[in-house]
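# Fold and contact review
If you want the building blocks of each chain, they are given just below.
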Amino acid sequence: MIRREAKRPKKGGEKDRERGSSERERERSGSQSGLTMRPRPIGRNPHELYYLRMQRTREKTDKMEESKAMRKLRVCVATCNRADYSKLAPIMFGIKANPDEFELEVVVLGSHLIDDYGNTFRMIEQDDFDIGSKLHTIVRGEDEAAMVESVGLALVKLPDVLHRLRPDVLVVHGDRFDALALATAAALMNIRILHLEGGEVSGTIDDSIRHSISKLAHYHACCTRTAEQHLIAMCEDHTRILLAGCPSYDKLLAAHHRDDYMDIIRNWLGDNVKEHDYIVALQHPVTTDIKNSIKIYELMLDALISFNKRTLVLFPNIDAGSKEMVRVMRKKGVEQHPNFRAVKHVPFEQFIQLVCHAGAMIGNSSCGVREAGAFGTPVINLGSRQTGRETGENVLHVRDADTQNKIYHALELQFGKRYPCSKIYGDGNAVPRIMKFLQAIDLDEPLQKTFCFPPIREWDISQDIDHILETQSALAIDLGGTNLRVAIVSMRGKIVKKYSHANPKTYEARIELILKMCAEAVFDAVHLNCRILGVGVSTGGRVNPQEGVILHSTKLIQEWSSIDIRTPISDALHLPVWVDNDGNCAALAEKKFGHGKGVENFVTIITGTGIGGGIIQHNELIHGSTFCAAELGHIMVSLDGPECMCGSRGCIEAYASGMALQKEAKRLHDEELLEVEGMVDLKKAEFVSAIHLINAARLGNSKAGAVLRTASMALGVGIVNILHVVNPSLVILSGVLAAHYQAPVQQVIGQRALTSAQRIQVLISDLEEPALLGAASMVLDYTTRRIY
């Protein structure tokens, strides 16, 4: 029995192929029978059919690509509580502002929907976001079991929501147990996950949850370089990691300078409160040590009551132990105390103002080590909850907060201080980076994530959104007697761009010009793909680098003594600022980029308009008890020598500086003893300089030669004294006169130094801009090794 298959309609291409195969069969059969058969003519020849098929294929491919290009990326943002919404809201606004690229879906769950925590889902509605789903996922209880049951309840409810919304990407933030449920559900339902703020370390169970979410996530947007390195060490693919910064910084850096900040402060704390004269308190339970965290909370409240300052107390989060904390607060009568205001929620924009202008912040909230640093607000961190995080100078840790007195003493130390603004966690440009990152996601890539086992990349490599190097850079300022210079300097010591202007004569004009040039450089840095980590300032005179204050300036820079240079720059740019003497900066430049790299003990001497320098001893810069160490130009080499600008006599600077040589050149010129045959006519020169003296000596002028020998001897004897005091292994000469002094100084060392020091080498610096590079090195060295 022969089974006949049902015939289906044949497409045009199939018919063509069928006709072609039939003709080939007829030809074969004809040849086998010895007969020659003429093929029956058909409508198109094989070449026409081939090109027709190719054209149809191209048209089909073009239509598919066009359809893919028109398709929007469906992004679901899930928010669990007031804290993560402050980080997710800027991203949600960014997605909403690009309707041609994205479709936004919003899912709300967790403590957002609980009255005891302020029903904070309303602020999402007030921001004009459509909430696609509200999931009640919190199981009431005061122990760890309630948290576990909440995760289970969320896992029961989330599949229906995710199946209905069918997002391409789910955006999850942080380290909350609700977020773990979100990531688990999405991963099992084959939905791509973008995790924000992964790779960080805080010191509690949150670390385990955060790292678990990172392992489930396909893409990562982290805040700090250390977090990025942690993710890479966790075998995450570095091409899927974006070093974006914290999204909340985009909002707080743009909005914290509000004119109505005092109205906000008075609204929450009363009419009589003053700026920098109140405290913000926010303490959460530590789920791995609930009993101790409640004890710390009680001691904190006792210390705040005794400290007797107006205080805004925010309710703790929903973790196990929070109810007991609220009982402690009510038992102490905090809600009725005249100095206290206890609130469940403050809108983020207003909370920014309250933190920015507070006298101090206390507790264990991540806001204290992250957002508060952007304002320089003093912070007291209690217990272990945030001790693993990177922090600015503004944070004082009280890890063993076991007595009221210890916390009270910390309040005394911190209250009312102001610190340099820190941008460890962001520069205000996180959202644009994240938008580009989302646009770059290829939905045709395999969904299964792969893990890498790479070596840790070097510090100066950063994966940017466009997969190109985003250069970690510093802003360097050099305040000279004549010119004011600003430069963008990369991690490798390359001057990316330099700005120069005549140094104004007054303090007001100088500060105004510095801020203007810095603002221009910061703006240009974005287009040059440079991320500015901080600002370094090199200036003449005596400097207190700890306070960022110029104590006494040189006579070349007027109105420049007792000047706090750090504060105005830090306040204007929201960047950390380092300040030091130009001689010390030259030594730091050699240590990082020059001959001093890898040398434990060396001395750098600047031979320019003046004589200065810096001493590196055991890899550290020596400042001295009153910050006048390494004033090498004022080492006395004669009791009755020429008068120095410092007021003394016989200093090295009075013999060997550019000003001293210029003075001698002018004296010889006035006595008509300077010019010799072969020199340019000095009558045509605008002024006589040290270079004229050097040229005259080279051409055989004995008077000029005698001046240079005396200067070289003075400098050489001074350096011999330095060798006998600090015994460096290397001497580096820097500045315009270095090449003229190297050989005679080396000769003096060979003649006059102790035998053990005679072989110490004198090198000429290869660095063209030691002051700028040294100023930059203060920033680059500190910001890239910040580990607390």
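Scroll up a little and you will see the structure.
The structure reproduced in this document is the subject of the present report. (Residues numbered from 1 in each chain as written. Predicted model: local features only at pLDDT ≥ 70, side-chain atom pairs only at ≥ 80, totals over all residues. Heavy atoms only, no water.)

On to the packing of helix 23 (residues 702–726) against helix 24 (residues 738–752), then. At a minimum axis distance of 8 Å, the contact between helix 23 and helix 24 shows a crossing angle of 55°. Between helix 23 and helix 24, the angle is such that the two are oblique. As helix 23 runs across helix 24, the sense of the crossing is right-handed. Between helix 23 and helix 24, the residues in contact are Ala711, Ser712, Met713, Leu715, Gly716, Val717, Ile719, Val720, Leu723 and His724 and Tyr741, Pro744, Val745, Val748, Ile749 and Arg752, respectively. Its residues assigned to classes, the contact of helix 23 with helix 24 comprises twelve nonpolar, three polar and one charged. (Axes fitted to C-alpha atoms, helices over the stretch in contact; angles between N-to-C directions. Helix = DSSP H or I, 4+ residues; strand = E, 2+ residues; numbered from the N terminus. Parallel < 35°, antiparallel > 145°, perpendicular 65-115°, else oblique. Left-handed = near helix turned anticlockwise from the far one by under 90°. Contact = heavy atoms within 4.5 Å. Nonpolar A, V, L, I, M, F, W, Y, C, P; charged D, E, K, R; others polar.)

This part covers the pattern of salt bridges. Inspection of every chain in the model, using the stated rule, returns 36 salt bridges. Taking the shortest distance from any N to any O, the salt bridge between Lys666 and Asp670 comes out at 3.3 Å. Note that Lys666 and Asp670 are positioned in helix 21 (residues 658–670) at a spacing of four residues, about one turn of the helix. In this structure, a network of salt bridges that share partners links the residues Lys87, Asp175, Glu197, Glu200, Asp207, Arg210, Arg370, Glu371 and Arg389. (Salt bridge = Lys/Arg side-chain N within 4 Å of Asp/Glu carboxyl O.)

With that settled, the discussion passes to unusual backbone geometry. For Glu197, which is not glycine, the phi dihedral falls at a positive 65°. By the secondary structure assignment, Glu197 is in the loop between strand 5 (192–196) and helix 7 (205–216). Note on Glu197: relative accessible area 6%, which makes it buried. For Cys235, which is not glycine, the phi dihedral falls at a positive 75°. Along the chain, the position of Cys235 falls in the loop between helix 8 (225–233) and strand 7 (241–243). (Buried < 20%, exposed > 50% of the residue type's maximum accessible area, 1.4 Å probe, protein only.)

Turning next to helix 7. Spanning twelve residues, helix 7 covers 17 Å between terminal C-alpha atoms, matching the ideal 16 Å at 1.5 Å per step. Restricting attention to buried positions, one finds in helix 7 the residues Asp206, Asp207, Ile209, Arg210, Ile213 and Ser214. Buried residues in helix 7, looked at end-on, bunch into an arc of 170°, giving them a common side. In the core, the buried residues of helix 7 are packed alongside strand 4 (169–173), helix 6 (177–188), strand 5, strand 6 (219–222) and helix 8. (Expected span 1.5 Å × (residues − 1). Arc of directions from axis to C-beta.)

Another point: the sheet that holds strand 21 (residues 577–581). Through backbone hydrogen bonds, the strands of a sheet pair up, either in parallel or in antiparallel fashion. Pairing within the open sheet is mixed, and its five strands lie in the order 16-15-14-17-21. Looking along the sheet, the strands with just one partner apiece sit at the ends: strand 16 (495–502) and strand 21. Across the sheet, the axes of successive neighbouring strands diverge by a mean angle of 20°, strand direction being ignored. With five bridges joining them, strand 17 (residues 530–539) and strand 21 adopt parallel strand pairing. Residue Gly536 lies in a different strand from strand 21, and its bridge partner there is Trp578. On top of the sheet, helix 19 (residues 582–593) reaches strand 17 and strand 21; it is set at about 105° to strand 21, its chief contact. (Pairing = 2+ DSSP bridges.)

Take it as geometry only, folks, not as evidence of what the structure does.
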